[in-house]
Amino acid sequence: GDSVTQMEGPVTLSEEAFLTINCTYTATGYPSLFWYVQYPGEGLQLLLKATKADDKGSNKGFEATYRKETTSFHLEKGSVQVSDSAVYFCARTLSNTGKLIFGQGTTLQVKP
Amino acid sequence: GAGVSQSPSNKVTEKGKDVELRCDPISGHTALYWYRQSLGQGLEFLIYFQGNSAPDKSGLPSDRFSAERTGGSVSTLTIQRTQQEDSAVYLCASTRGDFHNEQFFGPGTRLTVL
């Protein structure tokens, strides 16, 4: 069935380190791909998105490229900050309803 | 402008009681979604509304769960005869209806069934 798989956390990094959170999805239909972030005590908010193959989504220094050949949408940031500590969710839509299928979430902790 | 709002923010109930959770989407958003976030299951889709119709109810876990939407706006998720496994954060999201667009999430209702 349709699914999204993320690397397991928690991920602990020092400030200014490079971040990669892997995400792969099942390739049925033509999904849009999203990264949502949940900061401590806050609701889910969109971080970035890509709607077709080879698109790159970017926001707040984060980037992810829609790779159809590897069915991946890995999240990267060149230099993380303590304020990036949060739970990150990769998600895909199902094109007939728009409902989101989420990965299990990856907790990122950045230490000063 | 106003975002998606949900009420109550917290609900504690006893096993076997019925509960109603409310969602007010962003004005003008035709599509509305309910999700559930729990420790064991992560984020799961429950039901999708387009206007007042629910073309996809496939995520509702049992017939104790139902939802309606009126006036193309407010939605209510009802859980009858609550069980402990219903404890979770229930999230509502809305969007204009273009499936490539961002879904805007409410703050959630944390349901605890004792």
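Above: the structure in question.
Residues numbered from 1 in each chain as written. Chains lettered and ligands numbered in written order. Predicted model: local features only at pLDDT ≥ 70, side-chain atom pairs only at ≥ 80, totals over all residues. Heavy atoms only, no water.

1. Thoughts on the state of the cysteines
What makes a disulfide is a covalent bond joining the sulfur atoms belonging to two cysteines. So the rule is basically this: By convention in this document, the label disulfide applies to cysteine sulfur atom pairs within 2.5 Å. In this text, helices come from DSSP runs of H or I with a minimum length of four residues, and strands from runs of E with a minimum of two, each type numbered from the N-terminal end. Partly exposed describes any residue whose relative accessible area lies between the buried limit of under 20% and the exposed limit of over 50%, with all areas from a 1.4 Å probe on protein chains only and scaled to the type maximum.
This structure, assessed with the given rule, holds 2 disulfides over all chains. Disulfide pairing is shown between Cys 23 of chain A and Cys 90 of chain A; the S-S distance is 1.9 Å. The S-S bond linking Cys 23 of chain A to Cys 90 of chain A shows a torsion near -70°; that makes this disulfide left-handed. Placement of the pair is Cys 23 of chain A in strand β4 (residues 23-25) and Cys 90 of chain A in strand β10 (residues 86-93), with a sequence separation of 67 residues. Judged by relative accessible area, which is 1%, Cys 90 of chain A ranks as buried. What pairs with Cys 23 of chain B in a disulfide is Cys 92 of chain B, and their sulfur atoms sit 1.8 Å apart.

2. What about the sheet that holds strand β3 (residues 19-24) of chain B?
Residue and element names in this part refer to chain B. This is how it is decided: A pair of strands is labelled paired if DSSP reports no fewer than 2 bridges between them. Axis lines are fitted to C-alpha atoms, over the contacting stretch for helices. Their N-to-C directions set the angle, which ranges from 0 to 180 degrees.
Reading across from one edge, β1-β3-β8-β7 is the order of the 4 strands in this open sheet, with antiparallel pairing throughout. Since the sheet does not close on itself, it has two edges, and those belong to β1 (5-7) and β7 (65-69), each with one partner. When strand polarity is set aside, the average angle formed by the axes of neighbouring strands in this sheet is 15°. With 5 bridges joining them, β7 and strand β8 (residues 75-79) adopt antiparallel strand pairing. Within β8, the position partnered with Ser 66 by the bridge is Thr 78.

3. Observations regarding the sheet that holds strand β7 (residues 56-59) of chain A
Residue and element names in this part refer to chain A. The 4 strands lie next to each other as β3-β9-β8-β7, forming an open sheet whose pairing is antiparallel. Strand pairing shows two members of the sheet lacking a second neighbour, β3 (19-21) and β7, which therefore form its edges. Put simply, the sheet's adjacent strands are angled 15° from each other on average, direction ignored. As paired elements, β7 and strand β8 (residues 62-65) share 4 bridges and run antiparallel to each other. Note that in β8 the partner of Ser 58 across the bridge is Glu 63.

What is shown is where atoms sit, not what they do.
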